[in-house]
Amino acid sequence: MRKKDSRPSWDEYFLEVADLVAKRATCLRRRVGAVLVKNKRILATGYNGAPSGLKHCIDIGCLRERLKIPSGERHELCRGLHAEQNALIQASLYGISSKDSTLYATNQPCIICAKMLINAGIKEIVVRDGYPDKLAQKFLKEAKIKVRIVKK
């Protein structure tokens, strides 16, 4: 029998799922995973990569690398969708409401994802690590969305 204290907390459990989901990412710069959770149940997952049916950066290279665009800037110049976007789209595709859910992700959302998460009704975001986007942090705070960083 396993010791009770060896059982992961809910945060640890869902962040480990996000870590696993990130392994499917096709971005050459950063592998990100996201898990949408409500009432301790997984609603949807997402990782960063090109839209369905399109070629991935791991296959054809990274436009942002070729253009020497720094991390956190010019998100529109990317083939990929972010993990948070893909989790929200997956939920929407199957008619699942994200209202009042929690997003677990390997990294803090960028400003584009932050705005989407605000409008999707996300109540809390739990991440493993930060991201260089102060505006996203400001918007999430203004929207009263709690953001917590839980390290390994």
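Small disclaimer: the values here were computed from a predicted structure and weren't measured. (Residues numbered from 1 in each chain as written. Predicted model: local features only at pLDDT ≥ 70, side-chain atom pairs only at ≥ 80, totals over all residues. Heavy atoms only, no water.)

Here we come to the pattern of salt bridges. Inspection of every chain in the model, using the stated rule, returns eight salt bridges. Arg74 is paired through a salt bridge with Glu76; the nearest N and O atoms lie 2.6 Å apart. When the shortest N-O distance is used, the salt bridge between Glu124 and Arg148 registers 2.6 Å. Separated by 24 residues along the polypeptide, Glu124 in strand 4 (residues 124-129) and Arg148 in strand 5 (residues 146-149) bring together distant segments of the chain. Classification of Glu124 by relative accessible area gives buried; the value is 15%. Its relative accessible area of 23% is what places Arg148 among the partly exposed residues. (Salt bridge = Lys/Arg side-chain N within 4 Å of Asp/Glu carboxyl O. Helix = DSSP H or I, 4+ residues; strand = E, 2+ residues; numbered from the N terminus. Buried < 20%, exposed > 50% of the residue type's maximum accessible area, 1.4 Å probe, protein only.)

On to the state of the cysteines, then. Where two cysteines share a covalent bond between their sulfur atoms, that bond is called a disulfide. Scanning all chains against the criterion turns up zero disulfides. Counting only cysteine sulfurs, Cys57 is the nearest neighbor of Cys62, a cysteine outside any disulfide, at a range of 5.2 Å. Cys62 sits in the buried class, given a relative accessible area of 9%. The structure places no disulfide on Cys78, whose sulfur is separated from the nearest cysteine sulfur, that of Cys57, by 5.5 Å. Given the relative accessible area of 32%, Cys78 is considered partly exposed. (Disulfide = S-S within 2.5 Å.)

Below, the discussion takes up the nonpolar core. Across soluble globular proteins, you tend to see nonpolar side chains buried next to one another. Core analysis: the largest hydrophobic core is formed by 20 residues, its most contacted members being Ala34, Leu36, Leu88, Leu103, Leu117, Ile122 and Ile125. Those elements giving two or more residues to this core turn out to be strand 1 (33-38), helix 4 (83-93), strand 3 (102-107), helix 5 (111-119), strand 4 and helix 6 (134-142). Per-element tally for this core: the top contributor is helix 4, with four residues. Within the second largest apolar cluster, ten residues are counted, among which are Leu15, Val21, Val35 and Val37. (Core = buried A, V, L, I, M, F, W, Y, C linked by side-chain atoms within 4.5 Å.)

So, about the sheet that holds strand 1. Across the sheet, which stays open at both edges, the five strands sit in the order 2-1-3-4-5 with mixed pairing between neighbours. Among the strands making up the open sheet, the edge pair consists of strand 2 (41-47) and strand 5. Put simply, the sheet's adjacent strands are angled 20° from each other on average, direction ignored. One ladder, built from four bridges, connects strand 1 with strand 3; its direction is antiparallel. Paired with Val35 across the two strands is Tyr104, which belongs to strand 3. (Pairing = 2+ DSSP bridges. Axes fitted to C-alpha atoms, helices over the stretch in contact; angles between N-to-C directions.)

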